[in-house]
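# Observations on the three-dimensional arrangement
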Amino acid sequence: MESSPIPLNDLAWQWQKIEQKFMPEFHELVKHGHFCLGPAVDQFEKEFANFVNSPEAIAVNSGTSALHLALIVAGIKPGDKILVPAQTFVATVWAVLYIGAIPVLCDVEKDTGNIDIADAEKRLQPGTKAIIPVHLYGQPANMQKIMAFAEKNNLIVIEDAAQAHGAKFQGKNVGTIGKLGCFSFYPGKNLGALGEAGMIVTADKALAKRLRSLRHHAQEERYIHNELGFNYRMEGIQGLALSHKLAHLTEWTDMRRHVAKRYLQGLKDLPLTLPEIIHDDHVYHLFVIRTPKRDALRDHLNAQQIATGLHYPVPLHRQPCLKHLACATKSFPHAENFSSQGLSLPIYSGMTDTQTDRVIKAIHQFFEKE
Ligand SMILES: *Cc1c(COP(=O)(O)O)cnc(C)c1O
């Protein structure tokens, strides 16, 4: 049977769900010229704060900008050392580098791919000021361990929740457990804009006030600039689109969970490593399996028009932009394992059982042939 390609993600499906309600409001927004910040962004900030149960949410123009401003208001200075996992998207360290602070890369847990606190402890050194746990692939990092470790060592915790909108650790939303939490609304994220966007959440009113000023050329009062500012404002159109999508997010996340459950069941007898699910509140931004035959499996799926992804094929300790850190590859065995063996399968809201079963069947075929 000839069947259509299965993508890694399906943003057109999401657009269909919001288009009708979105378009008339978009026309109004354009008519009123609310392009940068404005009422749609104010509204989305309130809704998102409510969604993650945070007292404050500050909208910005990307997840990278969110991390940058979060580190600034956390008081991170040039030369400060910041613990970050070695297996993540590079943006996690950009903010550290923008400030002139020093990333201290840590290995990840063997099963989850999230930062390994036992390893972080070994890498602690004088001048370490903060830790940036990433809730990788949508699964909460162990925030209980991280908060205890941070408290003991007087570290600020800034969560990179770019992949984990709505994920919870012991009933608390990720992003709201540390001092500051950063989200990305890059189109492919679980909650994605029609372009670039991001958010910082915090319970600290003073930090929130400074963040609102910093994103807007550091002005609380028009044309009075109290410090070095940024143009990190969220666009009105993004706030509007994100409000419309947020209304569906719980339902859309359940659809991802449904796909994940089907994969976990359908692939369980095969000689591959399935994602280790520690938390029921995983939001499955990505579904990453691991096998030493990753590249051959990828070719096999590709030949059947099933898209796959690599998240991420080169860990941070081997990135050219970080070679000045002179990291020894051998001290990141688990990050190495994820990067060399990990394969992201299609997972998205709107994915049908027929599609999921086709992926499962194709993977079975691959291992039968072996
Ligand atoms: C996407 C992502 C970011 C950056 O977000 P942008 O909105 O693309 O700037 C940061 N960290 C992680 C882990 C991400 O996945």
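Anything mentioned here points back to the structure above.
These lines cover the structure that appears in this document, whether it is placed above or below. Predicted, not measured: the structure shown is a model, and the values here were computed from it.

## Details of the sheet that holds strand S8 (residues 180-184)
- Spatial strand order, S1-S9-S8-S5-S4-S2-S3: 7 strands in an open sheet with mixed pairing. Of all the strands in the sheet, the pair left with one neighbour each is strand S1 (56-60) and strand S3 (102-106). Across the sheet, the axes of successive neighbouring strands diverge by a mean angle of 25°, strand direction being ignored.
- Where strand S2 (residues 81-85) lies against strand S4 (residues 128-131), 3 bridges are found, and the strand directions are parallel. Across the sheet, the residue bridging to Lys-81 is Thr-128, located in S4.
- In the packing of helix H3 (residues 63-73) onto the sheet, contacts are made with S1, strand S5 (156-160), S8 and strand S9 (198-202), and the angle to S8 comes to roughly 165°.
- Where helix H6 (residues 143-153) meets the sheet, its contacts fall on S2, S4 and S5, and the angle it forms with S5 comes to roughly 150°.

## Quick look at the nonpolar core
- Counting residues in each nonpolar core, the largest one holds 46 residues, and the members touching the most others are Leu-69, Leu-71, Ile-76, Ile-82, Leu-105, Ile-158 and Leu-180.
- At the level of secondary structure, the elements contributing two or more residues to this core comprise S1, H3, S2, helix H4 (91-99), S8, helix H7 (205-214) and helix H11 (333-341).
- With 7 residues, H3 is the largest single contributor of residues to this core.
- Of the residues that make up this core, three or more belong to each of domain 1 (12-106 + 113-246) and domain 2 (249-369).

So, how was this worked out
Residues numbered from 1 in each chain as written. Predicted model: local features only at pLDDT ≥ 70, side-chain atom pairs only at ≥ 80, totals over all residues. Heavy atoms only, no water. Pairing = 2+ DSSP bridges. Helix = DSSP H or I, 4+ residues; strand = E, 2+ residues; numbered from the N terminus. Axes fitted to C-alpha atoms, helices over the stretch in contact; angles between N-to-C directions. Contact = heavy atoms within 4.5 Å. Core = buried A, V, L, I, M, F, W, Y, C linked by side-chain atoms within 4.5 Å. Buried < 20%, exposed > 50% of the residue type's maximum accessible area, 1.4 Å probe, protein only. Domains from an automatic or database assignment.

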